[in-house]
Amino acid sequence: MASFAKPENALKRAEELINVGQKQDALQTLHDLFTSRRHRAWQKALERSMFKYIELCVDLRRGRYAKDGLIQYRIICQQVNVSSLEEVIKHFMHLSTERAEQARSQAQALEEALDVEDLEADKRPEDLMLSYVSGEKGKDRSDRELVTPWFKFLWETYRTVLEILRNNSKLEALYAMTAHRAFQFCKQYKRTTEFRRLCEIIRNHLANLNKYRDQRDRPDLSTPESLQLYLDTRFEQLKVATELELWQEAFRSIEDIHGLMCMVKKTPKSSLMAVYYAKLTEIFWISGSHLYHAYAWFKLFLLQKSFNKNLSQKDLQLIASSVVLAALSVTPYDHTHGASHLDQENEKERNLRMANLIGFNLESKLESKEVLSRSSLLSELVTKGVMSCVIQEVKDIYHLLEHEFFPLDLASKVQPLLTKISKCGGKLSSAPSVPEVQLSQYVPSLEKLTTLRLLQQVSKVYQTMKIESLSRMIPFFDFSVVEKISVDAVKHNFVALKVDHMKGVVIFGNMGLESEILRDHLTILAENLNKARAMIYPPARNASKLGELLPSLAEVVDKEHKKLLARKSIIEKRKEEEERKLLERERLEESRRIELQKITEEAERKRLASEYEERKNERIRREIEERELAEAQALLQEAAQRIKWKGKKPVMEGEKLTKQSVMELTLSEQLRERQEMEKKLQKLAKTMDYLERAKREEAAPLVEAAYQQRLVEERDLHEREQQQEIELSRLRHDTELKEKERLARIKNNKEIFQERVVSRRQEEFSRLRTEREERISQILQSRRQERERMRKLKFYLSLEEERQIKLREQEEARKLEEAERQRKEQAERKAKLDEIAEKQRQRERELEEKERLRREALLGRSTEVSLKPSEPPAVAHPLESGSAIPAIAAAAAAAPTPGKYVPKFMRRGERTESSGQAPPPEPDRWGSSRQDDRTSQPPGDRWRSDDRRPPGGSSFGGGSRSASTWSSSRIPARGSER
């Protein structure tokens, strides 16, 4: 492609190529324009070219070309016009989205349209074979042909834009908008795989942003605007992940948000935090982590109660009831009972990790030694006043399951409460960020908890119980389910029981001493007896006790006061001693710290120097490896354009990716493709052969039977149609005979009228033919005369042109002769003038020599004497042709006429004479004066003055004309020669 001097030329050339249908060449032209990096001055023209370039990339689905062009345009616009880059990227995404939607609508239209010509015909053989070979339906094929390429291109568009904008602080909003649109794309079309990749891309961008902190245009996460954009992106990612039910990716999004907040040490808005905890509740409930689910609901309740001022009482009751029921849904035993030390450590680390996620930035985090547990959560619910906000049914369930002891009718009392709770729930009107609250989801867990509590309480009362009785006491489950629940409880040491199916009984075992078994019963009995005794015998008043204590109170106060004073003095002394020791210790520690700081600084300086050298060497080595890897990748991409890889494109390790390995891989892939193609063709040929043979074998008897039936039907049809035709012909014949008899009466009149019309038309035809012949003859005559006139005119014009040419030739010959004659005359005149000038110069030298001798003789006299204006020179010469020129020149120099121009060399001669010194010789003085005077005299007068004036004429008679004036009349001859 040729390079253009201006972007306008490249854009014009691209439009011309588009108009003739060569979009690929137009795209290559604009691609060469943007990759040349020579046109950064024409910003507006580049922007128009970029818009056209993007449109071509979208039309041809060239994602790689679009990426290269956008990267180069970003380099151009980064520091000059970032808004132009933003507009180009928005246009790029808009076009890609629009084309994808158009492809999707076309696929839907094809699906809905009836693409069958004959509704009664069977499937065509080619359609049948295509369905057997491909195994696809019509919709799948249309989607694969129309929709899938555009969806791929749209996905590549989002990836390209995110890659270009990832480290651009000026386009953070556009980066966030692109991420949101990519999330919506994945959500709208259920693209779970692309959503995972998108989350990983954004996660890597943030990791690289933290890794390379010395980049020039790196976004600053400490600013509120940037932090808000990144948080909005992560929360949108979290919402889409939960809507697509990608719970693992949703939990990773939660970790991303938590890491981002820990990185910048700032708390997000309360609305975002509500979404954060609401999604945590969903994730933990889906994963079966009921304890973490309850803690997340508890944090969400505290957040809504503290920051949501518009929260209604009904919504508050629903949230508080969800918190309590979620806490009750946690199994009441420890799952780590009997586990190994390693499992316990892993569980502790997991609890700490979840505690960091749940207690994130609202209150002080849980201590590392404290473990999240059901009992601590329930006690915290009571202390925080959550129980006062719940509905009455939830309160009753809490008291029945946690504080009451009803081993026989616990389930019967809980069951109606669960029925009422299952009907509670709905959307929250005053908390839009919280999802829909449905208390019915906790009913299965509460039924399981009721079963466990009943088993626990029955095991404390009974040693043996029939299975039928136990089943009647637990109406929620069958006994098989109760047995599974009890096995899990026994495993974790919650209850001790055995099931004997042969005897049909449940045997409850001893988990401790008998006194421990009866302890709860005795404690409850003692509490009830104390209450009864207090009601029968109320305690004495406090006034009597106070009167008994007053006499000894003064002595006790005095003793306590003395003890306090003694203790205070001891404490003061100890404080002074401790302060002295502390100062001494601080002095020693300060000296050690200073020494250690010096050693550390020196070591740090050495370490930084060594790290700098290592980084430098590593960078050089990495650049070399990247260059080699890029060459190998280029070869691999070039091979990939020619070869269709089977499945996923092979990815080789960095140390193995060399040119030789790429060439070997390409050759092996080509050989494999050729072999696979041959196998496919053989298999397809065999399949088609089998299908065609089977189809013909099955169709042969059917075709023969259909043929025989068709013969019989066509014979009957032919006979019926022939009979009908005979009857119709007879009827037509009779009708036409009647019509002939009716029309026979007017036959003579028709012939008379026909003759009359024919004769009239014959006359009219003869007249028109005569007129036409006359008109044609006139036209021919006029054309003949016109041709004759044109021939004469052309002849006269050619004669005149020849005469003009001859005249021009004669004139040119005459001018050449005249120029030659003038040249000869000028040469002769020049020779004469040169001879005269030589004689004048000789005479002037003689005069100067005589003048010099005369001045030497007059040295004793005054040098101030000068000649008078009318005084002739000392030596007189006869008047010849040019003999008196020096004398006249000297007289003119001695006494110039006022107001008349005096040449420069004469003024210099005058100054020389006035000073008493001889002027220096001036060989070119005459020539220069002639040149000056020649320019001021008309050409015609110059020739007349030379030709008509005699050599010794009256030019010198008046004495007013100088030698320079006389010599100027001869100079034009030299000038004309030139």
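Given the structure is predicted, the values throughout are model-derived calculations rather than measurements. (Residues numbered from 1 in each chain as written. Predicted model: local features only at pLDDT ≥ 70, side-chain atom pairs only at ≥ 80, totals over all residues. Heavy atoms only, no water.)

**Concerning the overall build of the protein chain**
Scanning the protein chain from terminus to terminus reveals 31 helices and five strands. Looking at the protein chain residue by residue over its 978 residues, the buried ones come to 30%. If you take every contact in the protein chain between residues at least 6 apart in sequence, the share linking residues at least 24 apart comes to 72%. About 65500 Å² of surface is accessible on the protein chain, with carbon and sulfur atoms providing 53% of the total. (Helix = DSSP H or I, 4+ residues; strand = E, 2+ residues; numbered from the N terminus. Buried < 20%, exposed > 50% of the residue type's maximum accessible area, 1.4 Å probe, protein only. Contact = heavy atoms within 4.5 Å. Areas by Shrake-Rupley, 256 points an atom, 1.4 Å probe, with all protein chains shown as cover.)

**A closer look at the packing of helix H17 (residues 392-402) against helix H18 (residues 410-422)**
Packed helices, taken two at a time, are described by the angle between their axes plus the distance between the axes. Here H17 crosses H18 at 155 degrees, and the two axes come no closer than 10 Å. If you check the angle between H17 and H18, you find them roughly antiparallel. Relative to H18, H17 is oriented so that their crossing is left-handed. From H17, Glu393, Val394, Asp396, Ile397, Leu400 and Leu401 reach across to H18, where they touch Leu410, Lys413, Val414, Leu417, Leu418, Lys420 and Ile421. Per-class residue counts for the contact of H17 with H18 are nine nonpolar, no polar and four charged. (Axes fitted to C-alpha atoms, helices over the stretch in contact; angles between N-to-C directions. Parallel < 35°, antiparallel > 145°, perpendicular 65-115°, else oblique. Left-handed = near helix turned anticlockwise from the far one by under 90°. Nonpolar A, V, L, I, M, F, W, Y, C, P; charged D, E, K, R; others polar.)

**Thoughts on the pairing of strand S4 (residues 497-500)**
Two faces make up the sheet, and in a regular strand the side chains alternate between them. Pairing geometry for S4 and strand S5 (residues 505-508), over four bridges, is antiparallel. Bridge pairing in S5 places Lys498 opposite Ile507. The turn linking S4 back onto S5 is made up of four residues, and Gly504 within it adopts a positive phi angle of 70 degrees. (Pairing = 2+ DSSP bridges.)

**Re the packing of helix H8 (residues 172-188) against helix H9 (residues 192-211)**
At a minimum axis distance of 9 Å, the contact between H8 and H9 shows a crossing angle of 160 degrees. Compared by their axis directions, H8 and H9 come out roughly antiparallel. As for how H8 packs across H9, the hand of that crossing is left-handed. Here Tyr175, Ala179, Ala182, Phe183 and Cys186 of H8 lie close against H9, whose contacting residues are Glu194, Phe195, Leu198, Cys199, Ile202 and His205. Residue classes in the contact of H8 with H9 are distributed as nine nonpolar, one polar and one charged.

**Some points on the sheet that holds S5**
With respect to topology, three strands assemble into an open sheet ordered S3-S5-S4, the strand pairing being antiparallel. Edge positions in the sheet fall to strand S3 (464-466) and S4, since each has one partner strand and no second. When the angles between neighbouring strand axes are averaged without regard to direction, this sheet yields 20 degrees.

**Regarding unusual backbone geometry**
At Glu245, a position not held by glycine, the phi torsion is positive, near 60 degrees. Inspection of the secondary structure assignment puts Glu245 in the loop between helix H10 (224-243) and helix H11 (247-264). Taking the relative accessible area as the measure of exposure, Glu245 reaches 57% and is therefore exposed. Phi is positive for Asn493, close to 65 degrees, though the residue is something other than glycine. Locating Asn493 in the fold gives a position in the loop between helix H21 (479-491) and S4.

**Here we look at the packing of aromatic side chains**
One pass over the full model with this rule turns up 15 aromatic pairs. Ring geometry for Phe92 and Phe153: centres 6.2 Å apart, planes at 80 degrees, overall edge-to-face. Taken together, the positions of Phe92 in helix H5 (residues 82-112) and Phe153 in helix H7 (residues 138-165) put the pair 61 residues apart, joining distant regions of the chain. Site record: aromatic cluster; members linked through ring pairs are Phe151, Tyr158, Phe185 and Tyr189. (Phe/Tyr/Trp six-rings, centres within 6.5 Å; stacked < 30°, edge-to-face > 60°.)

**Some remarks on the pairing of S5**
Summarising the sheet, S3 and S5 pair through three bridges and their orientation is antiparallel. The residue of S5 that forms the bridge with Thr464 is Ile507.

**What to know about the side chain of Ser376**
With respect to the element layout, Ser376 can be found in helix H16 (residues 374-383). At a separation of 2.8 Å, a polar atom in the side chain of Ser376 contacts the side chain of Ser373. (Polar contact = N/O pair within 3.5 Å; in protein donor to acceptor, adjacent residues only side chain to side chain.)

**A short note on a nonpolar patch on the surface**
A contiguous nonpolar surface patch, about 220 Å² in accessible area, is contributed by Phe405, Val461 and Ile524. Inspection of the secondary structure puts Phe405 in the loop between H17 and H18. (Patch = residues over 30% accessible without salt bridge, like charges linked within 9 Å, V, L, I, M, F, W, Y side chains within 5 Å. Salt bridge = Lys/Arg side-chain N within 4 Å of Asp/Glu carboxyl O.)

**Some remarks on the nonpolar core**
Formed by 148 residues in total, the largest nonpolar core has its most connected members in Phe195, Tyr276, Trp297, Phe301, Leu328 and Leu381. The contacts of Trp297, once residues within four sequence positions are left out, are Thr281, Ile319, Ser322, Val323, Ala326, Val434, Val437 and Tyr442. (Core = buried A, V, L, I, M, F, W, Y, C linked by side-chain atoms within 4.5 Å.)

**Things to note about H10**
With 20 residues, H10 should reach 28 Å at 1.5 Å per residue; the first-to-last C-alpha distance of 28 Å fits that figure. In the stretch just after H10, Glu245 is the one whose phi turns positive, near 60 degrees. (Expected span 1.5 Å × (residues − 1).)

**Looking at the state of the cysteines**
What the rule picks out here adds up to zero disulfides. Here Cys186 is not cross-linked by a disulfide; its sulfur's nearest cysteine counterpart is in Cys199, at 7.8 Å. (Disulfide = S-S within 2.5 Å.)

**Some details on the confidence of the model for the protein chain**
On average, residues of the protein chain score 76 in pLDDT, and 72% of them are at 70 or above. Averaged pLDDT values for the elements of the protein chain fall to 38 in helix H30 (residues 963-968) and rise to 93 in helix H25 (residues 747-857). In the model, residues 360-369 has pLDDT below 50 throughout and makes 24 contacts with residues more than four positions away in sequence or in other chains. (pLDDT = per-residue confidence, 0-100.)

**Description of the pattern of salt bridges**
Counted according to the given criterion, the structure contains 41 salt bridges. Between Arg191 and Glu194 there is a salt bridge; the shortest N-O distance is 3.3 Å. In this structure, the salt-bridge partner of Arg607 is Glu604, at a minimum N-O distance of 2.1 Å. In this pair, Arg607 and Glu604 both sit in helix H23 (residues 542-642), three residues apart, roughly one turn of the helix. Under the relative-accessibility criterion, Arg607 is labelled partly exposed at 35%. Glu604 gets classed as partly exposed once you look at its relative accessible area, which sits at 32%. Linked through salt bridges whose partners overlap, the residues forming this network are Glu200, Arg203, Glu249, Arg252 and Asp256.

**Quick look at the environment of Leu165**
Positionally, Leu165 belongs in helix H7. The buried category is assigned to Leu165, whose relative accessible area is 1%. Sequence separation between Leu165 and His205 is 40 residues, and the spatial gap between their C-alpha atoms is 10.0 Å. The contact partners of Leu165, leaving out residues within four places of it in the chain, are Ile89, Leu171, Leu174, Tyr175 and Thr178.

**Considerations on H16**
Residues of H16 that are buried include every one of Arg374, Ser376, Leu377, Leu378 and Leu381, and no others. Looking at the packing, one finds that the buried side of H16 touches helix H13 (290-307), helix H14 (313-328), H17 and helix H19 (443-461). At the C-terminal side of H16, Gly385 shows a positive phi close to 80 degrees.

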